[in-house]
Amino acid sequence: MTTLLRLGTFSPSVLLEVARVTGALHAAGLAVEEVPATSSPAQFAELLAGDLDAALTSPDNVLAYRFVADNPLGRTGDVRVLAAVDRGLGLSLFAAPGRSVPGLRGSTLAVDVPGSGFAFVAVELLARQGLRAVGDCPVEALGATPRRADALLAGRCAVTVLNAGSDLRAEAAGARRLARATAIGPYLGTVLAAHGPAVDADGSAFAALAGVLIGTAARLVAGELRDVARAAASRRLALDARSAARYVATLTDPAEGLVPDGRVDRAALATLVELRNRHGAGPPLDVDTVLADGVVDDRFLPVGFRANGRPVTTPAEPGTPLLYVLRGDLGLLGTRFGCGSGDCGACMVLVDGQPVPSCDTPVESVAGRDVVTVEGLGGGRPHPLQDEFLAGQAAQCGYCVSGILVNAAALLAAVPRPTETAVRAHLDRNLCRCGAHNRMVRAVLRAAERTEAR
Ligand code: FES
Ligand code: FES
């Protein structure tokens, strides 16, 4: 069964398009209809009314419509951040073609709305150019980013902030990038947001959407799907080939691009809160209070890690053994279930190079880490240990062998030429019911010789 979600967006989402083209949305049982937002009040009115299921929006909008009664909508609601999506995608202050900073005095600064979203970035970056919003540059609400890009290029405003491809389009047409949001500090440009009561009623579709977006982001950041992303950027944002390539480079930029694990980091939230306190009209906010209030509802975030060098995500609940995820979700069947209690070693994998029993390792503990299973031991070809185990027929039923290979690989990585005593002591954690130990120890020693000889 496919669940249809209506997702509000300010700029067409290339990330979502990549997820669609690669089949990730379909595989998660989702179809997503993008609903272009004309402005943040319009987007949040739809979200609170249930006309939108979720939104890709500025996290500052979530702060405004959750905490500030005097927001552009005139009311607050239980809106929440479910996942961080990107760090601004090139968010920058732009001057219209032919305009320079000294000539901006008295000219219009365009924002979505003055009281939320990217407006505070615009005001801050303008101040760093020596100009005051309102005082030096009258502020006008011209709506969502693509609309402001059109207005800038048509001369209906002199300065504004742009991102997500609109910046590249404006630059190609002669607009001048004056300063980047990254100059202010760590930042979040886009989050996945939803209405709390809808999330509490049934979180499954939100969890699936967060999983797809973050899984796709992780693959892009790892260098996969570049051609797909370039084509999607050309198609959705009307960018030429050069600009599409720049867009994809921005997507994967650590400071401005996608957030591969979907986590809202405190430093970026602090930047948003500081900007709001400095330039907003509402009562001052405090990061700790904001977080304690539950604005970030990240219980649906998938756990992301690298399995044999490949970024993967899993929606498995906290506490799920890593072994179940490897075998059940990722199809890495070389890792075996033996005792299930950390005693036999059949399920051993490497986590950041250290051998651990995956049956006894909660999946959330490997978030952001490198997991290597027996399938990835040789990095794409057989590890010398695997060659020597085969050559020496160092197994009987074979059930314990993947765990022993992984554990032995950890030993050889740390001690390239171990003694027989050291090998026996190290493999003491691995049980072999068939009693093939002696052949295995000999195979490990031969692999050590061979590796050293290379
Ligand atoms: S199955 Fe994990 S140690 Fe036995
Ligand atoms: S070869 Fe059978 S358990 Fe080790």
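On a predicted model such as this, the values are computed, not experimentally measured, just so you know. Residue positions within a chain follow its written sequence, with the count starting from 1. Chains and ligands are labelled sequentially in the order written, the chains with letters from A and the ligands with numbers from 1. In view of the model being predicted, local features appear only for residues whose pLDDT reaches at least 70, and side-chain atom pairs are presented and counted only at 80 or more, with totals across whole chains, interfaces and linings using the full set of residues.

Undergrad: What am I meant to see in the domain arrangement of the protein chain here?
TA: How large an interface is tends to be reported as the accessible area lost when its parts come together. What fixes the domain bounds is an automatic or database domain assignment. Taken domain by domain, the protein chain comprises domain 1 (3-86 + 188-263 + 275-290), domain 2 (92-183) and domain 3 (319-453). Taking the mean C-alpha position of each, domain 2 and domain 3 sit 57 Å from one another.

Undergrad: Quick question: what am I supposed to make of the pairing of strand S5 (residues 92-95) here?
TA: Remark: a regular strand shows side chains that alternate across the two faces of the sheet. Every second residue of S5 is oriented toward a common face, with Ser 92 and Phe 94 on one face and Leu 93 and Ala 95 on the other, all of them buried. Any two strands between which DSSP finds at least two bridges are classified as paired. Helix and strand labels come from DSSP, where a helix needs a run of H or I of at least four residues and a strand needs a run of E of at least two; each type is numbered from the N terminus. Pairing of S5 with strand S8 (residues 159-162) involves four bridges; the strand directions are antiparallel. From the neighbouring strand, Ala 95 faces S8, where its bridge partner is Val 159. In terms of strand pairing, S5 meets strand S9 (residues 176-180) through four bridges, oriented antiparallel. In the sheet register, Phe 94 faces S9, and the bridge partner there is Arg 177. Partly exposed residues are those whose C-beta has more than 12 but fewer than 20 other C-beta atoms within 10 Å; with 20 or more the residue is buried, with 12 or fewer it is exposed, and the C-beta atoms are placed from the backbone.

Undergrad: What's the story with the sheet that holds strand S14 (residues 354-357) in this structure? I'm lost.
TA: Think of a sheet as strands paired side by side through backbone hydrogen bonds, with each pair either parallel or antiparallel. The five strands are arranged S12-S11-S15-S13-S14 in an open sheet whose pairing can be described as mixed. Among the strands making up the open sheet, the edge pair consists of strand S12 (310-314) and S14. Averaged over all neighbouring strand pairs, the angle between strand axes comes to 40°, with direction disregarded. Relative to the sheet, helix H9 (residues 204-221) contacts strand S11 (303-307) and S12, its axis offset from that of S12 by approximately 170°. Where helix H16 (residues 401-414) meets the sheet, it contacts strand S13 (348-351) and S14, and its direction lies at approximately 35° from that of S13. Axis geometry follows a simple rule: fit a line to the C-alpha atoms, using only the stretch in contact for helices, then measure angles between N-to-C directions, giving values from 0 to 180 degrees. By the criterion used throughout, residues are in contact when their C-beta atoms, derived from the backbone, lie within 7 Å.

Undergrad: Got a minute to help me understand helix H3 (residues 40-49) in this structure?
TA: It helps to recall that an α-helix has 3.6 residues per turn; residues three or four apart then point in one direction. Every buried residue belonging to H3 is among Ser 40, Pro 41, Gln 43, Phe 44 and Leu 47, and all of these are buried. All buried residues of H3 fall inside an arc of 160° around its axis, so they share one side. Where H3 is buried, its residues meet strand S1 (3-9), strand S3 (54-57), helix H4 (59-67), strand S4 (79-86) and strand S10 (190-195). Of the residues one or two after H3, Gly 50 is the one with positive phi, at around 85°. Directions drawn from the helix axis to the C-beta atoms are what define this arc.

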